[in-house]
Amino acid sequence: MTESNRPVHRIRLSTITASIFKNENESGTFYNAQIDRSYRDGESWKQTHSFRRDDLLLLAKVADLANSWIHETEQAERSPSP
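Fair warning: this is a prediction, and the values are worked out from it, not measured in the lab.

Novice: Before we go on, may I ask you to explain the pattern of salt bridges in this structure?
Specialist: Proximity of charged atoms lets side chains of opposite charge pair with each other. Scanning all chains against the criterion turns up six salt bridges. Its salt-bridge partner being Arg 52, residue Asp 55 comes within 3.3 Å of it at the nearest N-O pair. Taking the relative accessible area as the measure of exposure, Asp 55 reaches 4% and is therefore buried. The network of salt bridges with shared partners includes Arg 37, Arg 52 and Asp 55.

Shown next as structure tokens:
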């Protein structure tokens, strides 16, 4: 994984993780979030984008926390330094 495609922040609750990526283009900086569920397959851990019924409340909470982090970070980036 190269530095340019590593998450700048991760939020994890139980097996649900939001990875937040910082991107830049000619219009400026923007953030994307990828949400995964981890599960065990034998001895190894894997990730999926499929969620069970019981995962949905954690999914919503992780998405909410990711949204808050992105808004706070964007606001801090726009604020002038003292």
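Past the structure itself, the notes keep going.
Novice: I would appreciate a short explanation of unusual backbone geometry in the present structure.
Specialist: Across the chain, the bulk of peptide bonds are trans and the bulk of non-glycine residues have phi less than zero. Despite not being glycine, Ser 14 shows a phi value in the positive range, around 55°. Its location among the elements puts Ser 14 in the loop between β1 (9-13) and β2 (16-25).

Novice: How should I be thinking about the pairing of strand β3 (residues 28-41) in this particular structure?
Specialist: Along any regular strand, the residues point their side chains to alternate faces of the sheet. In the sheet, β2 pairs with β3 via 10 bridges, with the strands oriented antiparallel. By the bridge assignment, Ala 18 is partnered in β3 with Ile 35. Where β2 folds back onto β3 in an antiparallel hairpin, the turn is made up of two residues. The pairing of β3 with strand β4 (residues 44-48) spans five bridges and is antiparallel. Residue Arg 37 lies in a different strand from β4, and its bridge partner there is Thr 48.

Rules behind the numbers
Residues numbered from 1 in each chain as written. Predicted model: local features only at pLDDT ≥ 70, side-chain atom pairs only at ≥ 80, totals over all residues. Heavy atoms only, no water. Salt bridge = Lys/Arg side-chain N within 4 Å of Asp/Glu carboxyl O. Buried < 20%, exposed > 50% of the residue type's maximum accessible area, 1.4 Å probe, protein only. Helix = DSSP H or I, 4+ residues; strand = E, 2+ residues; numbered from the N terminus. Pairing = 2+ DSSP bridges.

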